[in-house]
Amino acid sequence: MTHPAIRDLLLSLGRHAAFLEVQRAVSSGQPCQTGLSGLTVTAKALYTVLLWLAQERPLLVVVDGNQQGEAFWESLGAFFELLATARSGGSPQLLPALDVLPGQRLSPHAEINEQRAVALWRLATERVPITVLPVAAALLRTAPPEFYRQLALSLRVGEEVPMEELVRHLESIGYQRREPVEMVGEYSIRGGILDVFPPESAKPVRLEFFGDLIESMRRFEVDSQRSVLKIAQCTLLPLLEYPKSDALFAELAGLLGPEMASRTGEPFPGWETLVPLARPRHGTVFDLLERPIVIWDEPERIEVAAGRLWKRLEEPSRAALCPPDRIYCRWEELRSQAQSAVQVAVRELEVSAEAPGPHISTRPSMAFQGNVQVAVSEARNLVAGGGRVVFFGASTGELERLAEIFQEYGVPFQLGLEAAEGVPPYLVERSYLAGSVASTFLVKGLIRRGAVFPEARLAMFGCEDLFGPTGRVARPAVARASIAAFAADLADLKAGDFLVHREHGVGRFLGLRELTQAGQAGDYMLIEYANQDKLYVPLARMDLVGKFRGAGDHTPALDRLGGVTWNRTRTRVRARLRDMADALVKLYAERRLAEGFSFAADSNWQREFEDAFEFVETDDQLTAVADIKRDMEQPTPMDRLLCGDVGFGKTEVAMRAAFKALGDGKQVAVLAPTTVLCFQHHETFQRRFAPFPVRVEMLSRFRSPKEIKAILPDVADGKVDILIGTHRLLYPDVKFRDLGLLVVDEEQRFGV
């Protein structure tokens, strides 16, 4: 539960005169167009939640691309959880665009199909407060709302549902039969028991039938397959927005002519984009909601993105079996459809200087790049000036880390969580000992980049502003600062260290200085350059500075302020990077043009060899094996890197590739960095290949010169199938009759 002080602080931003003006326009009950400018990405997400709280009408937020949509949705979800969790109606959702185009004849990714199907069902049933969608998703034509409502099944104990009809419907909306059920989208049948794993469900559901009567319903554990919780009802959500049926595929095959005739009644790649040929769709996503509020995030960018999409759809080389205008609508048609709704355009910059609309001044927050001292100093300065500061942490652990930092530096703070949320008691005590008047707040929420609201005297700092990117979640490119030329790791910086400034080059750090300019005091980094020239860099621009990292212990020469040496250095490095890139392009081009050996498909012996594996393969192992086999069956040479921790089954993957090479009469070489590892591989390969007519030999210090002398002629004659060795394999006297596969184990340990 969010602390009341945090909720009140965020809600207070909704009392801005410009936002109240937008609210009055939206509340008129008539279709209208209004706008709000001056908002950063984080501020847009916050004011979107505040608008929904004020109106409680469904919101559609249209952005220009998938990455922008994911970033907006992430911040939106965090603010929604802080401000609106007490209200029913679900949580914000993302409606993604398709990741394929009609002319590609490829099916969308299963995860995107699932996400779209669930999102459209929620829209049609009005179970979602806010939906974020890229313009490519908004342009897709839709069916009427009742079509999407019937995709999901709501079941209750005591209802009569013929199991055959239930299974038929499950298969039509994307479920697959598997035994046992382990993943989302699977179902299984055992007598009168139906197990099914619907999307967005923490655990699968087990239905027990007595005839056609649902007698009981339980959730069960995937690992043990044991029931754990009795329930009275469940909803089986769809995985496809286009239900499959034999009749649909037969009709498509008839419409498409002989090209698809062989696939009558069976799904084929790209069938999803051909459905409008048989089942025309004329609506848009706006038709799925009553009285929606449409928010256009940077309308000019959205229009450009829509034009870019249609340019790709109309490329002459992309001959689609289904005309694109039957799948997508035009930008003009979409805007026309939106005329019957309330529309709000949000922008970071006001585009109309003559008649400016409602404006709220915000700016991006400062990025500290892990420099805790600067963060604490900035917080103190803001609070001393009468402002309030909010630091966001993505997890309770990050909040604890923040609390310890502020406790250590003696900064009073309030914790934005109630004690009932499992927060360590000492943390709660520390925050409340600071008093309810503390102006620094620590809040749990995944806000990556903050925002500053000067008029409200409020500054928010995201979790990446202070600690930098965590890498736990894919970070959209738009969240990166455009001036972040260096990663400023300045935590252990001391006077005398060498720095590199993005524009001025190498200098010597002399320390921090406090300067007063235009009546305002601030901290500056003092950097010395050649001829004792000095440069003062404000800490707000420390993302332009990085520590000097040179090879060896030599002292670098200082650049001259305003000189040409630094520009020459940058030009020289760019040229070398271009040369390196050119060399890599040529290398990979030569590899693609080189002719290799195309191995045959798996034989019965290959399957027998793999079935003899005494353990259960992991999903990653199976994926790696399939990828390697696919490469080996291509006419170009394979060059693949297999990564995995110790004990995760890399050797088994290599042995399966080796067996495939042996099946076509080729020899295999296994290169290991140490004698011990070489011996271990020899033992493993001999044991694994023992049931088959395969000869495995080893070259290392564990073999006597006499034994090596006897092995080498057999290798040259092709009598040795697999040769395992250290760098001894690279000696000129080792000659293979027909080498087909080289396996290098622990490649990084061979150095250059």
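Residues numbered from 1 in each chain as written. Predicted model: local features only at pLDDT ≥ 70, side-chain atom pairs only at ≥ 80, totals over all residues. Heavy atoms only, no water.

**Here we look at the overall build of the protein chain**
To keep things clear, this is the line we draw: Each helix is a run of DSSP H or I of at least 4 residues and each strand a run of E of at least 2, with the numbering of both proceeding from the N terminus. Throughout, exposure labels follow a simple rule: accessible area from a 1.4 Å probe, protein chains only, divided by the maximum for the residue type, with under 20% read as buried, over 50% as exposed, and the rest as partly exposed. We call two residues in contact whenever any of their non-hydrogen atoms come within 4.5 Å of each other. Accessible surface is estimated by sampling points in the Shrake-Rupley manner with a 1.4 Å probe; for residues, cover comes only from the protein chains shown.
Per the secondary structure count, the protein chain includes 22 helices and 29 strands. Here the protein chain, with 752 residues, has 46% of them falling under the buried criterion. Within the protein chain, contacts between residues separated by at least 24 positions form 70% of all contacts whose residues are at least 6 apart in sequence. Split by element, the accessible area of the protein chain, about 38,200 Å² in all, is 51% carbon and sulfur.

**Regarding a negative patch on the surface**
As a reminder, the rule being used: Within this analysis, patches are made of residues with over 30% relative accessible area and no salt bridge. Like charges are joined at 9 Å or less; nonpolar side chains (Val, Leu, Ile, Met, Phe, Trp, Tyr) at 5 Å or less. Any carboxyl oxygen of Asp or Glu within 4 Å of a side-chain nitrogen of Lys or Arg constitutes a salt bridge here. Only four residue types enter the charge count, namely Lys and Arg as positive and Asp and Glu as negative; His and the chain termini do not. Every charge is mapped to an atom, namely NZ of Lys, CZ of Arg, CG of Asp or CD of Glu.
Taken together, the side chains of Glu160, Glu164, Glu165 and Asp212 define an acidic patch exposed on the protein surface. With respect to the element layout, Glu165 can be found in helix H8 (residues 163-172). For Glu165, a relative accessible area of 48% gives the class partly exposed.

**Quick look at the packing of aromatic side chains**
As a reminder of what qualifies: We call Phe, Tyr and Trp rings a pair once their centres come within 6.5 Å, taking the six-membered ring for Trp, and we label the pair stacked below 30 degrees between planes, edge-to-face above 60, and tilted otherwise. Lysine NZ or arginine CZ positioned within 6 Å of the ring centre and within 35 degrees of the ring normal marks a charge as sitting over the ring.
For the coordinates displayed, the defined rule picks out 21 aromatic pairs. Connected via pairs of aromatic rings, a cluster forms that spans Trp605, Phe609, Phe659, Phe685, Phe689 and Phe692. Against the face of Phe220 rests Arg206, its NZ or CZ located 4.1 Å from the ring centre. In this structure, Arg688 packs its charged tip against the face of Phe609, placed 4.0 Å from the ring centre.

**Some words on helix H20 (residues 650-663)**
Using the following cut-off: What a helix is expected to span follows from its residue count: subtract one and scale by 1.5 Å.
Look at H20: 20 Å from first C-alpha to last across 14 residues, which is about the 20 Å you get at 1.5 Å a residue. Counting buried positions along H20 yields eleven of 14 residues, so the element is predominantly enclosed. Of the residues making up H20, those classed as buried are Glu652, Val653, Ala654, Met655, Arg656, Ala657, Ala658, Phe659, Lys660, Ala661 and Leu662. Those residues of H20 that are buried are in contact with helix H18 (604-611), helix H19 (619-632), strand S26 (667-671), helix H21 (675-689), strand S28 (722-725) and strand S29 (739-744). Looking one or two places after H20, you find Gly665, whose phi comes out positive at around 80 degrees.

**With respect to the side chain of His501**
Filter applied, for reference: The definition of a polar contact used here is a pair of N or O atoms within 3.5 Å, where within protein one atom must be able to donate a hydrogen and the other to accept one, and adjacent residues in sequence count solely through side-chain atom pairs.
Structurally, the position occupied by His501 is in strand S21 (residues 498-501). Separated by 3.0 Å, the side chain of His501 and the backbone nitrogen of Glu503 make a polar contact.

**Remarks on unusual backbone geometry**
Between Glu179 and Pro180 the backbone carries a cis peptide bond, its omega angle lying at 0 degrees. For Pro180, the position within the fold is in the loop between strand S6 (176-177) and strand S7 (186-190). Phi angles above zero are rare outside glycine, and Asn531 is one such case at about 65 degrees. Structurally, the position occupied by Asn531 is in the loop between strand S23 (520-528) and strand S24 (534-538). Positioned with a positive phi, Gln532 is a non-glycine residue whose angle comes to about 60 degrees. In this fold, Gln532 is placed in the loop between S23 and S24. By relative accessible area, which is 61% here, Gln532 ends up exposed.

**Re the pairing of strand S8 (residues 193-196)**
Counted only if it meets this: A pair of strands is labelled paired if DSSP reports no fewer than 2 bridges between them.
With four bridges joining them, S7 and S8 adopt antiparallel strand pairing. Within the sheet, the bridge partner assigned to Ser188 lies in S8 and is Asp195. Linking two consecutive strands that pair antiparallel, namely S7 and S8, is a turn of two residues; a positive phi of about 65 degrees is found at Gly191 within it. Looking at chain direction, S8 and strand S9 (residues 205-210) are connected through four bridges and run antiparallel. Each residue of the ladder has a partner; that of Ile193, found in S9, is Glu208.

**Brief notes about the pattern of salt bridges**
Tallied over the entire structure, the rule returns 35 salt bridges. Arg116 is the salt-bridge partner of Glu241, the closest N and O atoms lying 2.5 Å from each other. One end of the pair, Glu241, is in the loop between strand S12 (233-236) and helix H9 (246-256); the other, Arg116, is in helix H5 (residues 110-124), and 125 residues separate them in sequence. With respect to class, Glu241 is no different from Arg116; both count as buried. For Arg141, the salt bridge goes to Glu333, with nearest N and O atoms at 3.0 Å. With Arg141 in the loop between helix H6 (135-138) and helix H7 (145-149) and Glu333 in helix H12 (residues 331-337), the pair connects residues that are 192 residues apart, well separated along the chain. Because the salt bridges share partners, they merge into one network encompassing Glu74, Arg448, Arg449, Glu464 and Asp465.

**Some words on the sheet that holds strand S15 (residues 363-364)**
Selection criterion: Axis definition: a line fitted to C-alpha atoms, limited for helices to the stretch in contact. Angles are taken between N-to-C directions and run from 0 to 180 degrees.
The strand order across the open sheet built from six strands is S15-S19-S20-S16-S18-S17, with neighbouring strands paired in mixed fashion. A strand with exactly one partner marks an edge of an open sheet, and here the two such strands are S15 and strand S17 (414-415). Looking at chain direction, strand S16 (residues 388-393) and strand S18 (residues 440-444) are connected through five bridges and run parallel. Bridge pairing links Phe392 to Val443 in S18. Packing of helix H13 (residues 372-384) onto the sheet brings it into contact with S16, S18 and strand S20 (458-461), and relative to S16 it is tilted by some 145 degrees. In this fold helix H14 (residues 396-408) packs onto S16, S17 and S18, with an angle of close to 160 degrees to the strand it touches most, S18.

**Focus on the environment of Val181**
Along the polypeptide, Val181 turns up in the loop between S6 and S7. On the basis of relative accessibility, which here comes to 0%, the residue Val181 falls in the buried class. Each C-alpha atom, one on Val181 and one on Asp223, is 9.8 Å from the other, the two residues being 42 residues apart in sequence. Those residues within four positions of Val181 in sequence are excluded, and the remaining contacts are Glu186, Tyr187, Ser188, Asp195, Phe197, Pro204, Phe220, Val222 and Gln225.

**Structural notes on the confidence of the model for the protein chain**
Filter applied, for reference: For every residue, the predictor assigns a confidence score, pLDDT, that lies between 0 and 100.
On average, the protein chain scores 86 in pLDDT, and the residues at 70 or more come to 89%. Residue range residues 471-491 is modelled with pLDDT below 50. Its contacts to residues more than four positions away, or to other chains, number 40 contacts.

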